[in-house]
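What follows is the residue order along each chain.
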Amino acid sequence: QVQLVESGGGLVQAGGSLRLSCVASGRTFSRYVMGWFRQAPGKEREFVAAIRWTSGSTRYADSVKGRFTISRDNAKNTVYLQMNSLKPEDTAVYYCAVDIAPGGLSVLPGSYNYWGQGTQVTVSS
């Protein structure tokens, strides 16, 4: 049983930083792709960033490129999302997810098989 547990969300002022963590358990994740998505009220879930566990190759949404950094710690089975220069439009529930049959670094929520419960990020102006 795969489990993903996010943490690190909170309230921050515009221009501030937060680091989200996602601890993964239940499988060997070395061949998988881990992704971060977000969903704001009344909006669809959207891709934020993804990382291939083995190679560390990454992909970002244009809206966060240069501000957010995805990384992983293999020893801790943990994926991080460092978020800098936060904007009010970054306010959303952030989810981590795992793609167990990756053909690439997908931006589609439907490509991901397991999801965490989400962590709220609120950026005040």
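Described below are features of the structure shown in this document. (Residues numbered from 1 in each chain as written. Predicted model: local features only at pLDDT ≥ 70, side-chain atom pairs only at ≥ 80, totals over all residues. Heavy atoms only, no water.)

When you line up the elements, S106 lands in the loop between strand 9 (92-99) and strand 10 (114-115). The class of S106 is buried, set by a relative accessible area of 15%. Reaching out from S106, the side chain makes a polar contact with the backbone nitrogen of L108 at a distance of 3.0 Å. The contacts of S106, once residues within four sequence positions are left out, are F47, S111 and Y112. (Helix = DSSP H or I, 4+ residues; strand = E, 2+ residues; numbered from the N terminus. Buried < 20%, exposed > 50% of the residue type's maximum accessible area, 1.4 Å probe, protein only. Polar contact = N/O pair within 3.5 Å; in protein donor to acceptor, adjacent residues only side chain to side chain. Contact = heavy atoms within 4.5 Å.)

Okay, the state of the cysteines next. Applying the stated rule across the entire model yields one disulfide. Here C22 is linked by a disulfide to C96, with a sulfur-sulfur distance of 2.0 Å. The disulfide joining C22 to C96 has a torsion of about 50 degrees about its S-S bond and is therefore right-handed. Remark: C96 occurs in strand 9 and C22 occurs in strand 3 (residues 18-25); sequence separation between them is 74 residues. Here C22 matches C96 in class, with each residue buried. (Disulfide = S-S within 2.5 Å.)

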